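A structural walkthrough
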Amino acid sequence: MTQDPHTPDPAPHKPTFGVRLRNNFLTGLIICAPIAITIWLTWTLIHWADSWVKPYIPYRYNPENYIKFAIPGFGLLIAVIMIMLIGTFAKNLIGRSIVEFGESIMDRTPLVRSLYKALKQLFETVFAERSTSFKKVGMIEFPGPGSWSMVFIAADVRGELGHRFAEKGLKDMVAVFLPPTPVPTAGFLIYVERSKVIELDMSPEDAAKLLISAGLIPPDWKPKGAALDG
């Protein structure tokens, strides 16, 4: 049967009161949960830093001993200032000599030596001013052909690994970090040919949001030259 064109469309189905309550709750949860979690994480970080730093502040220099109430974040502020001062001091001749002396002691200490070297290399790689580690996002075929996974491009392959790959005819290899969803802090280190990595324009921050949300929050993107064409 064909519907008479003159017959009015049936009225749209009105959601029940329970459905409206559920939708309102979910809307409020989407708004409130990120705010609450952000505040909680920030507050936790501040208190964690305060608990570590405040016990080492001399009594006379701690303003809380005079105003009789706690100042949240004071310990974190002192820690930031101290780290900046140490960084400034380490750049001059005397500071470098002291740092080198401390590192020589670390190099002679069993167990501590390996841990210190690994951590130092990690921080130097990640925070180097000219480093591109984890600043680029890409896609690789994983776990099999036709399936693609997002990765963070870590670094070019050097040293023994680069030599071993070259022996196999693989001369342009790159290390990538494959994080899981929704917790991208653990994952797999994979070595692939650079030609098999599709580099993306999105930032690591946008990629992390996409991973944490399990693909529900794709970043905004415009093809290069789209603004000029429009």
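Here's what I pulled together on the structure shown here. From a predicted model like this one, the values you see are computed outputs, not experimental measurements. (Residues numbered from 1 in each chain as written. Predicted model: local features only at pLDDT ≥ 70, side-chain atom pairs only at ≥ 80, totals over all residues. Heavy atoms only, no water.)

**Let's talk about the overall build of the protein chain**
What counts is decided by this rule: A run of H or I in DSSP becomes a helix once it reaches four residues, and a run of E becomes a strand once it reaches two; helices and strands are each numbered from the N terminus. A 1.4 Å probe rolled over the protein chains alone gives each residue an accessible area, and that area as a share of the maximum for its type sets the label: buried under 20%, exposed over 50%, partly exposed in between. Contact criterion: two residues are considered in contact whenever any of their non-hydrogen atoms come within 4.5 Å of each other. Shrake-Rupley sampling with a 1.4 Å probe provides the accessible areas, and residues are treated as covered by the protein chains on show and by no other component.
From N to C terminus, the protein chain includes eight helices and five strands. Mapped from its N terminus to its C terminus, the protein chain presents α and β elements in the order α-α-α-α-α-β-β-α-β-β-β-α-α. When the 230 residues of the protein chain are sorted by exposure, 20% land in the buried category. A sequence separation of at least 24 residues applies to 36% of the contacts in the protein chain between residues at least 6 apart. Approximately 18500 Å² of the protein chain is accessible, and the part contributed by carbon and sulfur atoms is 67%.

**Re the environment of Tyr191**
Tracing the chain through its elements places Tyr191 in strand S4 (residues 188-193). Overall, the relative accessible area of 31% leaves Tyr191 in the partly exposed class. Sequence separation between Tyr191 and Phe177 is 14 residues, and the spatial gap between their C-alpha atoms is 8.9 Å. Sequence-distant contacts of Tyr191, defined by excluding residues within four places in its chain, comprise Val157, Leu161, Phe165, Met173, Val174 and Ala175.

**Topic: the packing of aromatic side chains**
For the record, the criterion: Only Phe, Tyr and Trp rings are paired, with Trp represented by its six-membered ring, and only when their centres lie within 6.5 Å; those with planes under 30 degrees apart are stacked, over 60 edge-to-face, the remainder tilted.
Inspection of every chain in the model, using the stated rule, returns two aromatic pairs. Aromatic side chains Trp48 and Trp52 sit 6.2 Å apart centroid to centroid with 55° between the ring planes, which places their arrangement in the tilted category. In this pair, Trp48 and Trp52 both sit in helix H1 (residues 17-53), four residues apart, roughly one turn of the helix. Across the pair, Trp52 and Trp48 agree in class, each one exposed. Taken together, a centroid distance of 5.8 Å and an interplanar angle of 50° make the contact between Phe165 and Tyr191 tilted. Of the two residues, Phe165 is situated in helix H6 (residues 159-167) and Tyr191 in strand S4; the sequence distance between them amounts to 26 residues.

**Some words on the pattern of salt bridges**
Formally: We define a salt bridge as a side-chain nitrogen of Lys or Arg found within 4 Å of a carboxyl oxygen belonging to Asp or Glu.
Counted according to the given criterion, the structure contains six salt bridges. A salt bridge links Glu167 to Arg164, with the nearest nitrogen and oxygen atoms 3.5 Å apart. Taken as a pair, Glu167 and Arg164 lie in helix H6 at a separation of three residues, close to a single helical turn. Note that Asp172 is salt-bridged to Arg194, the shortest N-O span being 3.0 Å. Taken together, the residues span a long stretch of sequence, with Asp172 in the loop between H6 and strand S3 (173-178) and Arg194 in the loop between S4 and strand S5 (198-200) at a distance of 22 residues. Looking at Asp172, the relative accessible area reads 42%, which means it is partly exposed.

**Considering the sheet that holds strand S1 (residues 136-141)**
How we decide: Between any two strands, pairing holds if DSSP finds at least two bridges. The convention used is that axes are lines fitted to C-alpha atoms, helices contributing only their stretch in contact, and that angles between N-to-C directions extend from 0 to 180 degrees.
Strands sit in the order S4-S3-S2-S1-S5 across an open sheet of five strands; the sheet is antiparallel. If you trace the sheet from one side to the other, it starts and ends with S4 and S5, each paired once. Strand-to-strand twist across the sheet, computed as the mean angle between neighbouring axes with direction ignored, equals 45°. Relative to S4, S3 is paired through six bridges, and the arrangement is antiparallel. Paired with Leu178 across the bridge in S4 is Phe188. Sitting on the sheet, helix H7 (residues 204-212) is in contact with S1 and strand S2 (148-156), with an inclination near 145° to S2.

**What to know about the pairing of S2**
Regular strands place side chains that alternate from one sheet face to the opposite one. In the sheet, S1 pairs with S2 via six bridges, with the strands oriented antiparallel. Of the residues in S2, the one forming a bridge with Gly138 is Val151.

**Some words on H1**
Using the following cut-off: By this rule, a helix spans an expected 1.5 Å times one less than how many residues it contains. At every residue, the bend is computed as the angle between two fitted axes, covering the seven residues ending there and the seven beginning there respectively.
Between its first and last C-alpha atoms H1 spans 53 Å; for 37 residues at 1.5 Å apiece the expected length is 54 Å, and the two agree. Its maximal kink placed at Cys32, H1 deviates by approximately 30°, while the proline Pro34 follows within four residues. Restricting attention to buried positions, one finds in H1 the residues Ile46, Ala49, Asp50 and Val53. If you follow the buried residues of H1, they end up packed against helix H3 (74-89).

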